[in-house]
Amino acid sequence: MTRSNGRYDAIIIGGGHNGLVTAAYLARAGKRVVVLERRHLVGGAAVTEEIIPGFKFSVFSYVVSLLRPEIIRDLSLPSHGLEILPLESTVTPMFDGDYLAAWPDADETRREVARHSLKDAEAYEEYSRLMGLMAMAVKPIISMIPPDPTSLSPRDLRGLLKVGAHFQSLSAKHFHLLYKLMTMSSADFLDEWFETDVLKATKSASGIIGTFMGPRTPGSAYVLLHHYMGEIDGAFRAWGFARGGTGAISESIGRAARSFGAEVRLEAEVSQVRTKDGRATGVVLANGDELEAPVVVSSLDPKRTFLTLVSESDLPADFVGDVRRFKIRGSSGKVNLALSGLPDLTCLPGVGRHLRGAISISPSLEYVERAYDDAKYGAFSTRPYMDIILPSMIDPGMAPPGKHVMSVFVQYAPSTITGGWDNLKRDAFGNAVIDAIAQFAPNIRDIIIEKQVLTPADIERITGLTEGNIFQGELALHQLFFLRPSPGWAQYRTPVRGLWQCGSGTHPGGGIMGAGGRLAALEILGAAS
Amino acid sequence: MNRYDAIVIGAGANGLATAALLAKKGRRILVLERRDVAGGTNATEEFHPGYRASACRDDAGWVPDALVRRLQLARHGLHWLPVTAGLVSLTADGPPLATYPDIGRTVDGLKASSAADAGRWAAFTGFVDRAAGFLQAAYSVRAPRVQSRALGDLMALAGLGQRLRRLGKRDMMEVLRVVPMPVADLGEEWFSLDSLRALLAVAGTRDVMHGPMSGGTALVFLHQQVGQPAGSIGVRRVPRGGTGALASAFAGAAREVGVEIRLGADVSEVMVAGARVAGVRLTTGEELGASHVISSADPKRSFAWIDPVWLDPELLRAVDNIRMRGSTARVHYALEALPRFQSGGLEVPRDALGGTMVLAPSIASVERAYDAAKFGEVPQSPALSLAIPTLIDPSLAPDRRHVLSVTVHHVPFARRGGWDRSAAELLGDQVTSMVAAVAPDLRERTLHRWVLTPADLESRYACTEGNLSHGELALDQFLFMRPTPVSSRYATPVAGFWLCGTGSHPVSSSGAAAMLVTRELANARE
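**Q** Which residues make up the overall build of chain A, and what values go with them?
**A** For chain A, the helix and strand inventory stands at 18 helices and 21 strands. Since a compact globule built from 529 residues should have a radius of gyration of about 24 Å, the 22 Å found for chain A is in line with a globular shape. For chain A, the spread of C-alpha atoms along the principal axes amounts to about 65 × 55 × 45 Å. Counting only residues that meet the buried cut, chain A has 64% of its 529 residues in that class. Looking at chain A as shown, the accessible area adds up to about 18,300 Å², and 52% of this sits on carbon and sulfur atoms. Of note, chain A has its 54 positive side-chain charges centred 5 Å away from the centre of its 57 negative side-chain charges.

This is the structure:
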């Protein structure tokens, strides 16, 4: 089957996981679809690359938990090579040489918490149970198209009633708990439950990943839930790692899309969305090629889509203003290490099962909060919060025999660093990260073969994500649901007819979830029928 | 047979307004006040012979028109004085930047610093007016119950929804978007001048342990705008005689309808018999019977008066979790003459002096103050709000003498090392030097200085942790969550025990809850 620059039913801009999901769903419904990816490989921020020969890095995004099970089923991703390996534990080293661990066995975790506080061990069970319930309560919201509360159309009213009925179906106690999760800071929320500082620190740290908030910033408790919702094949609360790295997820979605007939073009950078009479008609590529289609779907973030690809004259002024003020604040960096051996933690010396899980560098609430304080004024954290995993411990194929790869997610590294990012600052940032790791794993410097340091500016340069923000827009209360990405345009449509959006900048937001991609496809198919 | 139908605890504005409204309906009401003066946190106090200050706050706040009319407060001495300016930014290097009740005047002044900001001022105040108008509508009815299926509750929700819809699509979305936002983002969306943004940042972090970059602080800002006339941002509402005059007017209205007010009567227990309130016991051991006890004290204090055997552990936990992190200190100066205030070498115009002068150069400076406070340190350069009440109301000081009242923001109640007199005076010295930077002759004009730390506010005015709003204003402590979900409509699980203070909806220290409480009480009797 050959398709030259002929007509397509739909053009998808960007071959990240959301773009690919949209493409797969549209192709599955019989549409002729082409995905245009700027880089030489699909995945966007979900890619595996062999930056250093023999060592495979999940360069940006490194774990998965939110990928919607319906997508895995609908697209038969396992048959296209998706295999998720569980990431079972989290160890948080402390300054006094002790640690706090969460193990896959609930009883063992409770005993571990009890080692720090009996009271917290008791609360932990109830907390876990309630958070599980809260995740269930939020699930239907994630899978629904946000209704427009200002609209009186039957469809939006039905949507609003559905949201209302959903909240009414919760008990008063659970509704109030959910409301608190939506509005509180993670530190305040956790203060209501626990007394052990390191427990609150490590939990709240998972609440601030990817955001420009600290543990004491109201709104961060919601992200706590976002990350708690991890479900792999229906099993709640488990983080996972894709065999072959995060890129394997994108590749499996890409293969699924191709199996339904979608075309995926690499090194095909879109420079402009063509419009005629306020309607999208196709795209122009950077090399001058033009492609036509009545439907154009952008998986890029809202700023890149509307401020660079679409002509401002095609958009209402209010809308352009909304896009400009949409907060996309990059707050994190990534350091990938090729290692000759394994890190030796002071708190848990030697090789152990803890190295097959996450290592969270969040020794105290104050540590994480102060890391945030640095970033607020335009500096990277001198003592950053870090989430570390060793993919080669879970999937030996990621590194040569006997060698290892280490993925270090680092926060905070503000995209708006004073004076802008440059090579000197990148080096200083990389050194701060290694120093901070060395506090807890003193042998780290001796085992580093090579390192890749990625600042938000690097992430933006490579992936195209504005400000290097991994969620394509801050997950703050005023940028969620019917306000994401812009009031009145939260249903994947845009002011340009025929132009749609499907990226993480849309409801329900970031993480390797694919929900935006799927919902956008369903909306497009619904509008077409 | 009880001598009283209801006992109200606390003779602040909320307690007195509630008492007056109930007595007007023919109930026999007793108000018990711990201190020897009425007024609570609204008290006007003589802190130096002949010098009086509104001890806790400079703005008496929003008093619903219906309440003013119902209790004929004007007849009881409430007289609002005109205030010449709203918020006035003073900095070491910039000219004074003032907002006035008159939009045109403000715009003219802003033009000198930023034409762009001047151009946006009218649109900004318009949006703020509409958003605050919506809040006012929500504050004029009891807290909604989002979850209830009862017809009345659904109708009330629909009514608020309708009120929101009336704003139009664009504004409705804007209100929903702005309320949970950081006030810093709000300021940055509208204005380019650091000093103007900082004015909003200071207002948005008043009495909360949050910085302007924290979500929900836009709500704190909008909350203070409720009841402001159109176009006015941050204009103080000042009764003649200080904030205490508001409480006095409520007291006058209450006494007229037979309310008995007992001063120096400190409650030690709210007595419960058979799961129902029986009355109160005073620290002297005296017992007073009543079938209703209505507390205007903060929720933590209020529930602590009840034997925990009558309370569900879940409720006790919820009360324990209410955040009341005191973050405000006050410093009052008795001045033999008006100091000369300047900003960037320019004299501050006389009518701007009558506004609230704010010392905070930027959003970042306010945020940095919060950074210190959250770790239990007194910030090096806290944001200050200055008021000279005697420019508006000369009766507060001897002839041609003045009072300067300073609100110090982000002063932690939970100071590392705690509070004592020397720590308090250290804070006073710090404030004096900061003010002296814009009023160099402050020290030689000062006859006396009175420092109230958060710890002082707690012990003197009986608000836990010195939190003047009886629970931080935050999204999770708002509407149906305030003070706890089960007590958000003033009734508590103990029959006959009610709340009517600032800790309840709608976060008012000026009596706004009183009409809602009395309505709930009336419904409960039927």
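**Q** Let's hear about the interface of chain A and chain B: which residues, and what values?
**A** Counting residues at the interface gives 44 residues for chain A and 41 residues for chain B. When residues of chain A are sorted by the area they lose upon contact with chain B, A:Q168, A:Y377 and A:H478 head the list and together hold 18% of the total. Viewed at the interface, chain B and chain A are joined by 14 salt bridges. Two residues, A:K376 and B:D371, come together in a salt bridge whose shortest N-O distance is 2.4 Å. Counting every contact that joins chain A to chain B gives 18 residue pairs in polar contact (both at pLDDT 80 or more). Counting only elements with at least two residues in the side of chain A that touches chain B, the list comes to helix 5 (154–169), helix 6 (172–183), helix 12 (317–325) and helix 13 (365–376) of chain A. The greatest single-element share of the side of chain A that touches chain B, amounting to seven residues, is contributed by helix 6 of chain A. Taken together, the residues of the side of chain A that touches chain B break down into 18 nonpolar, ten polar and 16 charged.

**Q** Help me get a handle on the domain arrangement of chain A, residues and values and all.
**A** Residue and element names in this part refer to chain A. Here chain A is partitioned into domain 1 (3–44 + 64–83 + 243–327 + 472–528), domain 2 (108–235) and domain 3 (328–463). For domain 2 versus domain 3, the distance between C-alpha centres works out to 27 Å. The partner domain 3 presents 21 residues to the 20 residues of domain 2 that form the contact. Of the roughly 1,600 Å² buried between domain 2 and domain 3, counting both surfaces, carbon and sulfur atoms make up 61%. Where domain 2 packs against domain 3, one counts one salt bridge. Here E108 makes a salt bridge to R353, at a shortest N to O gap of 2.4 Å. At the junction of domain 2 and domain 3, the tally comes to eight residue pairs in polar contact (both at pLDDT 80 or more). When residues of the side of domain 2 that touches domain 3 are assigned to their parent elements, the largest contribution, nine residues, is made by helix 8 (residues 197–208).

**Q** Describe the environment of B:Q477, and please don't skip the residues or the numbers.
**A** Residue and element names in this part refer to chain B. Topologically, Q477 is positioned in the loop between helix 17 (454–461) and strand 20 (497–499). Judged by its relative accessible area of 6%, Q477 is buried. In sequence terms Q477 and P49 are 428 residues apart; their C-alpha atoms lie 40 Å from each other. Q477 has contacts with N321, I322, R323, G471, E472 and R482, leaving out every residue within four places of it along the chain. Of the polar contacts made by the side chain of Q477, one reaches the backbone nitrogen of R323; its length is 2.7 Å. A distance of 2.9 Å separates the side chain of Q477 from the backbone oxygen of E472, its partner in a polar contact.

**Q** Pulling in residues and values, what's your account of the pattern of salt bridges?
**A** Tallied over the full model, the rule gives 72 salt bridges over all chains. Between A:E263 and A:R265 there is a salt bridge whose closest N-O contact spans 3.1 Å. Take A:E263 and A:R265: they sit in the same class, and that class is buried. Ionic pairing is found between B:R177 and B:E174, a salt bridge with its closest N-O pair at 3.0 Å. Of this pair, B:R177 and B:E174 are both found in helix 6 (residues 169–178), three residues apart, which corresponds to roughly one turn of the helix. Both residues of the pair, B:R177 and B:E174, belong to the buried class. Residues joined by salt bridges that share partners form a network here, namely A:D318, A:D322, A:R325, B:R170, B:E174, B:R177 and B:E189.

**Q** Break down the side chain of B:S302 for me, citing the residues and quoting the values.
**A** Residue and element names in this part refer to chain B. Structurally, the position occupied by S302 is in helix 11 (residues 299–304). A relative accessible area of 0% places S302 in the buried class. At a separation of 2.7 Å, a polar atom in the side chain of S302 contacts the side chain of S295.

**Q** How would you sum up a positive patch on the surface? Please name residues and give values.
**A** All names here are of chain B. Together, K24, K25, R27, R70 and R519 give the surface a local cluster of positive charge. Relative to the assigned elements, R70 resides in helix 2 (residues 65–70). A residue is classified by how much of its surface remains accessible, and R70, at 36% relative accessible area, is partly exposed.

**Q** If you had to explain helix 6 of chain B to someone new, which residues and values would you point to?
**A** With seven of ten residues buried, helix 6 of chain B is to be regarded as a mostly interior element. Considered for burial, the residues of helix 6 of chain B that qualify are B:D171, B:M172, B:M173, B:E174, B:V175, B:R177 and B:V178. Lining the buried residues of helix 6 of chain B we find helix 12 of chain A together with helix 4 (115–139), helix 5 (151–165), helix 7 (183–190) and helix 9 (217–224) of chain B.

**Q** Give a description of the environment of B:V378 that names residues and reports values.
**A** Relative to the elements of secondary structure, B:V378 occurs in the loop between helix 14 (363–374) and strand 17 (384–387). Contact partners of B:V378, with chain neighbours within four places excluded, come to B:P412, B:R415, B:W419, B:L427 and B:Q430.

**Q** Would you mind going over the packing of aromatic side chains in detail, with residue names and values included?
**A** Inspection of every chain in the model, using the stated rule, returns 27 aromatic pairs over all chains. The interplanar angle of 70° and the centroid separation of 5.6 Å between the aromatic rings of A:W421 and A:F429 together place this pair among those described as edge-to-face. Judged on exposure class, the residue A:W421 and its partner A:F429 are both buried. Among the aromatic side chains, those forming a connected cluster through ring pairs are B:W121, B:F124, B:W190, B:F191 and B:F221. The ring of B:Y100 carries the charged tip of B:R105 above its face, separated from the ring centre by 3.8 Å.

**Q** Can you explain the environment of A:D289? Please cite residues and give values.
**A** Residue and element names in this part refer to chain A. Counting through the fold element by element, D289 comes out in the loop between strand 13 (279–285) and strand 14 (290–292). You can call D289 partly exposed: its relative accessible area is 28%. Along the backbone, D289 and E251 are 38 residues apart, and their C-alpha atoms lie at a distance of 26 Å.

Conventions and cut-offs
Residues numbered from 1 in each chain as written. Chains lettered and ligands numbered in written order. Predicted model: local features only at pLDDT ≥ 70, side-chain atom pairs only at ≥ 80, totals over all residues. Heavy atoms only, no water. Helix = DSSP H or I, 4+ residues; strand = E, 2+ residues; numbered from the N terminus. Rg over C-alpha atoms; globule rule 2.2 N^0.38 Å. Buried < 20%, exposed > 50% of the residue type's maximum accessible area, 1.4 Å probe, protein only. Areas by Shrake-Rupley, 256 points an atom, 1.4 Å probe, with all protein chains shown as cover. Lys, Arg positive; Asp, Glu negative; His and termini not counted. Charge placed at Lys NZ, Arg CZ, Asp CG, Glu CD. Contact = heavy atoms within 4.5 Å. Buried area = accessible area lost by both parts, 1.4 Å probe. Salt bridge = Lys/Arg side-chain N within 4 Å of Asp/Glu carboxyl O. Polar contact = N/O pair within 3.5 Å; in protein donor to acceptor, adjacent residues only side chain to side chain. Nonpolar A, V, L, I, M, F, W, Y, C, P; charged D, E, K, R; others polar. Domains from an automatic or database assignment. Patch = residues over 30% accessible without salt bridge, like charges linked within 9 Å, V, L, I, M, F, W, Y side chains within 5 Å. Phe/Tyr/Trp six-rings, centres within 6.5 Å; stacked < 30°, edge-to-face > 60°. Lys NZ or Arg CZ within 6 Å of the ring centre and 35° of its normal.

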